[in-house]
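Working through the structure, step by step
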Amino acid sequence: SPFSYHDMYEGILAVGFEDTFYMYNTLENKVLAILKMEGYFCSAQFMDHHFYVTDASGIVCIDITGKIVWENHDLGIDGVLINDIEGGHIMGSGEWDPPGGWKKFELDIKMGLKIN
């Protein structure tokens, strides 16, 4: 897989690799989430006790307990990237026409709905 991710936040180990995103609580020795991604894992970002995880077609918002808060799988067909998270919005781009056919999007961070 060309994409991988690992990091630790407040005792939570987060790992994205191949087609899966994992969350493990190292303080309680407990698996919080094993999430199969659509197509493949692309990237992850952590902000305000939430992970924003991208795959081939969209973004999944997961809280620090491993619960899925929202999903949006209509952002691309061959990769989705988050460019910035600011002011309650997620700005990113999804590849719709590979190679190189990227289209920008903006989402509401609370619901995952497209703003424009």
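Remember, predicted model here, so these are calculated numbers, not experimental data. Per chain, residue numbering runs from 1 following the sequence as it is written. Residue-level local features of this predicted model are given only where pLDDT is at least 70; pairs of side-chain atoms are given and counted only at 80 or more, and the full residue set underlies all totals for whole chains, interfaces and linings. Water and hydrogen atoms were dropped before computing side-chain values, which therefore reflect all heavy atoms in the structure.

Turning to the pairing of strand β4 (residues 30–36), a few remarks are in order. If DSSP finds at least two bridges between two strands, the strands pair. Secondary structure is summarised from DSSP: a helix means a run of H or I of at least four residues, a strand means a run of E of at least two, and numbering begins at the N terminus for each. Inspection of the sheet shows strand β3 (residues 20–25) paired to β4 by 6 bridges, in the antiparallel sense. Bridging across to β4, Thr20 finds its partner in Lys36. Two successive antiparallel strands, β3 and β4, enclose a turn made up of 4 residues, where Asn29 displays a positive phi of approximately 55°.

Quick look at the sheet that holds strand β9 (residues 80–86) now. A sheet is described by the order of its strands in space; here 3 strands give the open sequence β9-β10-β11, paired in antiparallel fashion. The sheet is open, and its two borders are formed by β9 and β11 (101–108), each paired with just one other strand. When strand polarity is set aside, the average angle formed by the axes of neighbouring strands in this sheet is 25°. Helix axes use the C-alpha atoms of the stretch in contact, all axes being lines fitted to C-alpha atoms, and the angles between their N-to-C directions lie in the range 0 to 180 degrees.

Attention shifts here to the nonpolar core. With 16 residues, the main nonpolar core has Tyr5, Phe21, Met23, Phe41, Phe51, Val53 and Ile62 as its most contacted residues. At 3 residues, β4 tops the list of elements feeding residues into this core. Whether two residues are in contact is decided by their heavy atoms, any of which lying within 4.5 Å being enough. In this view, Tyr5 contacts Ala14, Val15, Gly16, Phe21, Phe41, Ala44 and Phe51; residues no more than four positions away in its chain are not counted. One finds Cys61, Ile82, Ile90 and Leu107 within the second-largest nonpolar core, a separate group that totals 12 residues. To qualify as a nonpolar core, a set must consist of buried Ala, Val, Leu, Ile, Met, Phe, Trp, Tyr and Cys residues joined through side-chain atoms within 4.5 Å. Think of it in three bands: residues with accessible area under 20% of the maximum for their type are buried, residues over 50% are exposed, and the middle band is partly exposed, with areas taken using a 1.4 Å probe on protein chains only.

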